[in-house]
Amino acid sequence: MAFRIEILAQNEDISFKDGRSIEIEHILRGQGISADVRIVDVYTSENDAVKASFFTDSVANPVTQNINARLDDFDWALEIGFLPGVTDNVGHTASELLALGGATNDNECYTSRLYLIKGDMKRADVENLAASLSNTLIQRNVIKSYDEFKAQGGMGAVIPKVQLDNQNAGADEVDLDIPDAMLEKLGKEGIANADGTRRGPLGLSLLYLKAIQAYFKKEGRKPTDIEIETLAQTWSEHCKHTIFASPIDEVKDGLYKHYIKRATMEIREERGDDDICVSVFSDNAGGIIFDDNYLITDKVETHNSPSALDPFGGAITGIVGVNRDCLGFGQGAKPVINRYGYCLADPRKAFRYFRDAKATMPILQPDTIMKGVVAGVEAGGNQSGIPTPQGFTVFDDRYVGKPLVFVGTIGLIPREINGKPGHVKKANPGDKIVMLGGRVGRDGIHGATFSSVALDEGSPATAVQIGDPITQKKFSDAIVKEVRDMGLYSAITDNGAGGLSSSVGEMAEQSGGFCLDLDLVPLKYPGMSPWEIWISESQERMTLAVPPENTDKLIAFFAKRGCEATVIGEYTDSGRAQINWHGETIMDMDMDFLHDGLPETPLVTSFTRGGEQEPEFPEPADYSALLCNMLERLNICSKEFIGTQYDHNVQGSAVLGPFQGKGRVMGDASITRPVFDSLKGVVLSQGLFPRYSDIDTGSMARSGLDMAVRSAVAAGADFFQLALLDNICWCSSDEPERLGQLKRAVEGIYNLARDYGTPFISGKDSMFNDFKGYDENGEPVKISAPPTLLTSSIGVIPDVMESISLAPKAVGDVVYVLGATHDECGGSEYYDLLGYTGNNVPDVDAEKARLLYKCYTKAARKRVIASAIPVGYGGLGAALAKMAIAGQMGMDINLADVAGDLRLDKLLFSETTGRIIVTVSPPRVKAFEKLFNRVYCKRIGHIAYTEKLNINNVLKVDIAALDEHYKKPLKDY
Amino acid sequence: MSARVLVIAGYGLNCEEETLHAFKYCGLQGDIRHINDVIEAPQLLNEYNILAIPGGFSYGDDTGSGNAFAQKIKLALWQPLTEFVARDTLTIGICNGCQILSNLGLVPAFDRQYGQRVIAVTHNINARYQCRWVDLKVDSASPWLVGVESMHIPVAHGEGRFIMDAGVHSLLRDNGQIAARYCKGNGNPANGEFPYNPNGAMDDIAAITDQTGKVLAIMPHPERGMFTWQRDDFDVLKDTAQREGTDLPENADGIRVFQNAAAYFQE
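Residues numbered from 1 in each chain as written. Chains lettered and ligands numbered in written order. Predicted model: local features only at pLDDT ≥ 70, side-chain atom pairs only at ≥ 80, totals over all residues. Heavy atoms only, no water.

1. A look at the overall build of chain A
The condition that has to hold: A run of H or I in DSSP becomes a helix once it reaches four residues, and a run of E becomes a strand once it reaches two; helices and strands are each numbered from the N terminus. Between the two quantities, the radius of gyration covers C-alpha atoms and the globule rule is 2.2 Å times the number of residues to the power 0.38. Residue exposure (1.4 Å probe, protein chains only): buried if accessible area is under 20% of the type maximum, exposed if over 50%, otherwise partly exposed. In this analysis, two residues are considered to be in contact whenever any of their non-hydrogen atoms come within 4.5 Å of each other. Under the convention used here, Asp and Glu are negative, Lys and Arg are positive, and both His and the chain ends fall outside the count. Here the site of a charge means atom NZ of a Lys, CZ of an Arg, CG of an Asp or CD of a Glu.
Across its full length, chain A carries 29 helices and 39 strands. Expected size for 973 residues packed as a compact globule is a radius of gyration near 30 Å; at 29 Å, chain A falls within 12% of this value. Here chain A holds 973 residues, and the buried ones make up 64% of them. Residue pairs in contact within chain A that sit at least 24 positions apart in sequence constitute 82% of those at least 6 positions apart. One way to put it: in chain A the 100 positive side-chain charges average out to a point 4 Å from where the 134 negative ones average out.

Next comes the structure, spelled out in structure tokens:
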């Protein structure tokens, strides 16, 4: 029997009104509907203990809420709950509370939310509201009119329990002795079930399947389904990065080894004793030296496909997942900073695209995606107690079908733990395989494929996942604050893509094999098939290698911290990957074949530079209005609503946050002091200019890398203690032209990283960011995200007293521009405003930039610079305006001598790389000019006693107006 | 022997390290202990003079912020906790800790009736998590706030809005239990105006105490504004000091709370 507890928010007293109601009334007002909304939090369970006061007291607040009150005085009731198998975090907590209070059975508790709406609304209006508040992939919604509600005795109790019918499922044999056409079908659609349906794409090409066929011929038997699924996971683009590993044109060792990894190797060699790298490309994150005692680690992930379908779930799973990459670095690094980054379509626009030809399954609108991903990182980051000061949001409408969601985590780890290097770990033969954290369900099986059939109503579980930050926080604290230093485990890694198949498989490479018993894996619900357990991507799990004598102690300790840890097998040196199920061996493959058996696929590329003629157009008449328009560009304006929702000063470590100056301008870099006893700070930044790809992906990649380096240096980072991460989000990576663009981009960053001496320490790629769907007439549509290379930078500032914010400090200070300006508006915000692409896309003069950054690092140490802003989107014009807004100070600027006879509009908005605008107090001018006498350094004006930004006496705008235009476009989100 | 501080951790509390650092910086000794360890050995409380429940997201704010954690304490640690509070001790709850103390009824505890829940700390009126710096006007006889008239420290919460009925509010006011209110930069009342009052709290309330003043429940984070380098205007302050050739003070407003705790036990 189902019991239902309804907690109604009081509304008699207006001053008691629930903030969540006010928010929904606000949404409705935006649609021209005036309504009164009350919220009822609903708890449903087969456990009668939910009726007990110990439970109701802990889920309701008697000051603001009523328990099981009579529900009346409304026109519509809308209830939103989860579909079976979807992570219900509040439900988990409620279940824990039941146990805590001594409930006699362990039936789960489930939550839903009921909205009681009073107002003049039609059913269609309520359906619209339901669509904006829920996601049918993961949630159910029920709408009842007042009369229906009363006639049916309320909403009814729904228990979204997962029920699987394959109770006795074992491993099936798969016949690979079939014609090529059937093999191809197998790769594309998956293994056939007994009823003829397919299990979902394996993503194995014919070439790969042939290799598998040959292997099992040699073994003298047919493979099992779990073996095929394991190979599909292990050999996937996601795990093996096959495009980056494959021979490409004349580059026989592949793009990754030849460019990215080689850049780092060569830089490390060149720097010798000054090498800052400690662990690169080999672990879950990259690690560099922070100080004598600590390393800092960094990893940036993407979570694009999931975020397109469930933005909140995709983003929270992403951020909580990348936290685990940090926990899984070396012996376990403590997460100390989060990063985020979004590439989205204009949230103010609506797009009519569909996933199906019948136009019944619309894509999510950009504002839904934006709100969802922002909320996902908010929930994941804030609940984990990790500050999130660093991030960006870039807009381009070609991200409409495939938004890019970047999430990153910086970790801190002692250089030495129990006398051993903190970054070193190894699973030894004989070590037990221990799974820690959440239980395993069907979550994320074939996560990359999202078949709509599998997600239809009635589907028992879901491929969409929602992170559970608190489950993870419990073991995260236990690992980095207690267990790690007890020395109980030999190695640790996270469970991400591919679940156990990938984490155990990777760790077993160190020992030389494994033998695992799937019956021992704790499950969320019974009835899963062995292959499902093995590749499930259920979140919040780590895998450890534990010497047998330590397992009891380790498991008992985790239990005291409310975490479940279970021995599920053993690492061996047998050279075999073995799995048992119900006493039978269902997988037994060569480790070598598993990891290195995939055949090479040589790639061929072509490259054509894009762009068009440089446009000719008259000089703008009103520069003041033009600057205001530029400030309203989505790539330039403030995204304050994101930054304020992200806790950026938890851990007490924030030095330079997302908002700078009285005017709260969002900076490109942030500084965090992760160790109270050390004056050193971690400087983070990033750079990306996706639109430049329309002209030249090499320029796109190099400009982004330069921006990442320059912003960090401008804030005070030591140019010589700076490392980089590359995140490559490409499209249509099976087309030679796209691969040619890729090769050019990667070659570009190789050269620039070499020239700067800044090593890559980690990276990730996502190669198929294309939306393939239909317009409203059923015509096929393909929208490819612009080739996007994000470079993230992580550096160290030796003393946070030497940090430099972008806000000018005092009237009378002198303003300089460092770095020359050229006629480079191709792909710029300015040309885009005018509707042009252009041709003169910015590139990087590496030698000049390198010298400038060296001088700047010296100047930062001597504290001669009062404020600094790197010049990026919107060029000098946007940068000067941001300075004026941040400091709330006037500026008198004359750019006449900056770039010869370059027309003022191009001078203001060209996005030439390598430039920084700085202000210097008069007594330090002499020292400053001496430090920069070998590089382009031009005095352009001073901070003025006015309330205006004045440029060349042609552009004069009040600071208040600049402020308004800068903050207006996204202020209502 | 100096007083000892116990900072509670676990289940999503997350500010324990910086909170303990604040106390230690002020000369106190102390430990972070997981709530399960305290529940297992409640006599541990006898070793301490100061109890701090730090900020965080206990149980992810599920079932209402601080609710589930308060329930855990009520079920497993209530008696020893009331005994602790009855001794000559100090207790502070910051942010999530403030929500927990309110749900436990350790504040306002009129007539020392600990355990009655009469104040809610609930969803911000704009239904958005807010991380920003605020100004507080402090007016309290609490030992935690001796000599403190104002503070510039940050808030970081999604549920920080104090709500209570009119009767509770007047008692609180008349008893001098409203320890701090949000105000504008010039000290004028915020009058509910965003962003000065970041959450819509009734009467701009940012912190309350029990009737003895020894239990302080405060939504803003003094431990995130205890040093000058943590301040939002650190860049300006250090620049000014450099220009004027003066030393930049190491401490900022928030440290006063912890210094007061240390001073209380030195008397």
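2. A short note on the sheet that holds strand E10 (residues 205–209) of chain B
Residues and elements named next belong to chain B. What counts, and what does not: When DSSP finds two or more bridges between a pair of strands, those strands are recorded as paired. Geometry is summarised by axes, namely lines fitted to C-alpha atoms with helices restricted to the contacting stretch, and by angles between N-to-C directions that run from 0 to 180 degrees.
Strand order in the open sheet formed by nine strands is E2-E1-E3-E4-E11-E10-E9-E6-E7, with mixed pairing between adjacent strands. Only two strands of the sheet have a single neighbouring strand rather than two, namely strand E2 (29–34) and strand E7 (150–157). Looking at each pair of strands side by side, their axes are set apart by 20° on average, direction ignored. Both strand E6 (residues 130–138) and E7 contribute to a ladder of eight bridges, which runs antiparallel. Bridging from a neighbouring strand, Val134 pairs with Ile153 of E7. Packed on one face of the sheet, helix H5 (residues 166–174) meets strand E9 (178–183) and E10 and runs near 105° to E9.

3. So, the interface of chain A and chain B
Operational definition: Simply put, the buried area is the total loss of 1.4 Å probe accessible area from both parts when two parts are fitted together. Just to be clear on terms, a salt bridge is a Lys or Arg side-chain nitrogen sitting within 4 Å of an Asp or Glu carboxyl oxygen.
If you look at the interface, chain A gives 70 residues, while chain B gives 60 residues. Summing the contributions of chain A and of chain B, the shared interface buries around 5400 Å²; its carbon and sulfur component is 54%. As a salt-bridge pair, Glu17(B) and Lys334(A) come within 2.6 Å of each other at their nearest N and O atoms. Among the secondary structure elements, those contributing two or more residues to the side of chain A that touches chain B are helix H1 (19–30), helix H2 (53–59), helix H3 (89–100), helix H14 (366–383), helix H15 (469–483), helix H21 (640–645) and strand E23 (654–656) of chain A. The dominant element in the side of chain A that touches chain B, judged by the number of residues it contributes, is H3(A), at six residues.

4. Remarks on the pattern of salt bridges
Taken as a whole and assessed by the stated rule, the structure comprises 81 salt bridges over all chains. Where Asp396(A) meets Arg398(A), a salt bridge forms, and the shortest distance between an N and an O atom there is 2.9 Å. Judged by relative accessible area, Asp396(A) falls into the buried class, the value being 11%. Residue Arg231(B) pairs with Asp233(B) through a salt bridge whose shortest N-O separation is 2.8 Å. According to the relative accessible area criterion, Asp233(B) is partly exposed, its value standing at 23%. If you follow the salt bridges from partner to partner, you end up with Arg4(A), Glu6(A), Glu79(A) and Arg140(A) in one network.

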